[in-house]
Amino acid sequence: FEVPEELQNVMRNYQIAGFKWMRTLENYGFGGILADDMGLGKTLQTISVLLAAKKEEKKGTSLIVCPASLVYNWKEEFERFSPQLKVGLLSGNKGEREVLISEYESYDVLVTSYDLLRRDVEFYEDKKFLFQVIDEAQYIKNHTTAVAKTVKSLTSEIRIALTGTQEVGGKGIRMDIANMGIIQAAEIGTPHRQLTTLTGRQIVLHAGGADMSNQFH
C-alpha cells in the first residue's frame with residue numbers, strides 16, 4: 001500500500017506503518033484500534049487512509065465521530081493535509097443537520113460529535129458509510145451508555161477507533177470495534193477464506209515501539 005503522493009514527504013516512518021496497518025485491515029474487512037500517545041499523528045494517519053480511498057475511487061462517505069472540542073480540529077487538519085476531500089461538519093440546529101445528513105453522499109467525509117450523533121441517531125438509520133472513525137474512543141468505554149449504543153448502531157464497511165490510551169474499554173466494546181468489519185462483510189457475502197488469511201503478525205502495528213512497516217504490502 002502506497003501513501004498518497006501528497007503526504008509522502010509529510011508522514012514519519014511510524015505514521016506510514018500505521019497507514020499500511022489500517023489499509024491491511026481494510027483490505028481484509030477488519031475493524032481495528034489505533035492506540036498511540038497524543039501528538040503522534042493519529043489524525044494524519046487516518047486522513048491518509050481516507051485520501052487513499054478517494055484517490056482509488058472507492059465509493060462511499062466516511063463518518064468521523066469525536067468529542068465536540070475536536071470537530072474543528074479535524075476540519076483544520078483536512079484543510080491542511082487533504083483539501084481535495086469534501087468535508088461536512090455537523091453543526092447548527094437540528095433541521096440543518098438533518099439536511100446535511102440527508103445529502104451525505106455528496107461528501108467524502110462527515111464529522112460530528114458524540115453528543116450530536118446521539119441526538120441525530122434517527123437521521124442515520126438508512127445510511128451506510130465507508131469508514132466509521134471513532135476518535136477518542138475511550139468516550140464509549142461504557143458500552144451501556146446511549147452514546148456507545150448509538151455508535152455501534154451505525155452501518156459502515158470499516159470501523160476504526162482512535163485513542164491516546166490503550167484503555168479503550170472492556171473486552172466487549174473492543175471486540176465490537178474489531179469485529180464489526182468481519183460481521184458486516186459476512187453479511188454481504190464476503191468469502192470466509194478472505195477473512196481468515198490475515199496472520200497475527202500482520203495485524204500488529206508496533207511491538208515494543210519497533211517499526212513493523214516491513215510486515216505490510
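This section reports on the structure supplied with the text. (Residues numbered from 1 in each chain as written. Predicted model: local features only at pLDDT ≥ 70, side-chain atom pairs only at ≥ 80, totals over all residues. Heavy atoms only, no water.)

## Details of the packing of aromatic side chains
Stage number 1. Under the counting rule described, the total for this entry stands at four aromatic pairs.
Stage number 2. Seen in terms of ring centroids, Trp-74 and Phe-78 are 5.9 Å apart; in terms of plane orientation they differ by 35°. Their pairing is tilted. Of the two residues, Trp-74 and Phe-78 are both situated in helix 3 (residues 71-81); the distance of four residues between them amounts to about one turn of the helix. As far as burial versus exposure is concerned, Trp-74 and Phe-78 are alike and both buried.
Stage number 3. With a centroid separation of 6.1 Å and an interplanar angle of 45°, the aromatic rings of Tyr-124 and Phe-129 are classed as tilted. Neither Tyr-124 nor Phe-129 differs from the other in exposure class; each is buried.
Stage number 4. Positioned above the aromatic ring of Tyr-107 is the side chain of Lys-86, whose terminal nitrogen or guanidinium carbon lies 4.8 Å from the ring centre. (Phe/Tyr/Trp six-rings, centres within 6.5 Å; stacked < 30°, edge-to-face > 60°. Helix = DSSP H or I, 4+ residues; strand = E, 2+ residues; numbered from the N terminus. Buried < 20%, exposed > 50% of the residue type's maximum accessible area, 1.4 Å probe, protein only. Lys NZ or Arg CZ within 6 Å of the ring centre and 35° of its normal.)

## Thoughts on the pattern of salt bridges
Stage number 1. According to the stated counting rule, one finds 12 salt bridges in the structure shown.
Stage number 2. Note that Lys-54 and Asp-108 form a salt bridge whose closest N and O atoms lie 3.2 Å from each other. With Lys-54 in helix 2 (residues 42-55) and Asp-108 in the loop between helix 4 (94-102) and strand 4 (109-113), this residue pair connects regions lying 54 residues apart in the sequence.
Stage number 3. On the basis of relative accessibility, which here comes to 17%, the residue Asp-108 falls in the buried class.
Stage number 4. For the salt bridge of Lys-58 with Glu-56, the shortest nitrogen-to-oxygen distance reads 3.7 Å.
Stage number 5. A residue is classified by how much of its surface remains accessible, and Lys-58, at 33% relative accessible area, is partly exposed.
Stage number 6. Classification of Glu-56 as partly exposed rests on a relative accessible area of 42%. (Salt bridge = Lys/Arg side-chain N within 4 Å of Asp/Glu carboxyl O.)

## Overview of the pairing of strand 2 (residues 62-66)
Stage number 1. For strand 2, the buried fraction is high: five of the five residues fall into the buried class.
Stage number 2. Here strand 2 shows two buried faces, one formed by Ser-62, Ile-64 and Cys-66 and the other by Leu-63 and Val-65.
Stage number 3. Summarising the sheet, strand 2 and strand 4 pair through five bridges and their orientation is parallel. Note that in strand 4 the partner of Cys-66 across the bridge is Ser-113.
Stage number 4. In terms of strand pairing, strand 2 meets strand 5 (residues 128-134) through three bridges, oriented parallel. By the bridge assignment, Leu-63 is partnered in strand 5 with Gln-132. (Pairing = 2+ DSSP bridges.)

## Notes on the sheet that holds strand 6 (residues 155-163)
Stage number 1. Reading across the sheet, the six strands line up as 1-6-5-2-4-3 and stay open at both edges, with parallel pairing between neighbours. Each edge of the open sheet is held by one strand with a lone partner, namely strand 1 (32-35) and strand 3 (87-89). In this sheet, adjacent strand axes meet at a mean angle of 20° when their direction is disregarded. (Axes fitted to C-alpha atoms, helices over the stretch in contact; angles between N-to-C directions.)

## Observations concerning helix 3
Stage number 1. Those residues of helix 3 that fall on the buried side of the exposure criterion are Val-71, Trp-74, Glu-77, Phe-78 and Phe-81. Looking down the long axis of helix 3, one finds its buried residues gathered within 125° of arc, a one-sided arrangement. (Arc of directions from axis to C-beta.)

## Observations regarding the nonpolar core
Stage number 1. Within the largest apolar cluster, 34 residues are counted, with the highest numbers of intra-cluster contacts made by Ile-64, Trp-74, Phe-78, Val-111 and Phe-131.
Stage number 2. Elements supplying a minimum of two residues to this core: helix 1 (13-28), helix 2, strand 2, helix 3, strand 4, strand 5 and strand 6.
Stage number 3. A total of seven residues in this core trace back to one element, the largest contributor, which is helix 2.
Stage number 4. If near-sequence neighbours (up to four positions away) are discounted, Phe-78 is found in contact with Ile-47, Leu-50, Ile-64, Pro-83, Leu-85, Val-87, Val-109 and Val-111.
Stage number 5. With 21 residues, the next largest nonpolar core counts Leu-63, Leu-90, Tyr-107 and Phe-123 among its residues. (Core = buried A, V, L, I, M, F, W, Y, C linked by side-chain atoms within 4.5 Å. Contact = heavy atoms within 4.5 Å.)

## Focus on unusual backbone geometry
Stage number 1. One non-glycine residue with positive phi stands out, namely Glu-57, at about 60°.
Stage number 2. Note that Glu-57 resides in the loop between helix 2 and strand 2.
Stage number 3. For Glu-136, which is not a glycine, the phi torsion comes out positive at approximately 50°.
Stage number 4. Within the element layout of this structure, Glu-136 appears in the loop between strand 5 and helix 6 (146-153).

Scope: geometric values only; no functional claims are made or implied.
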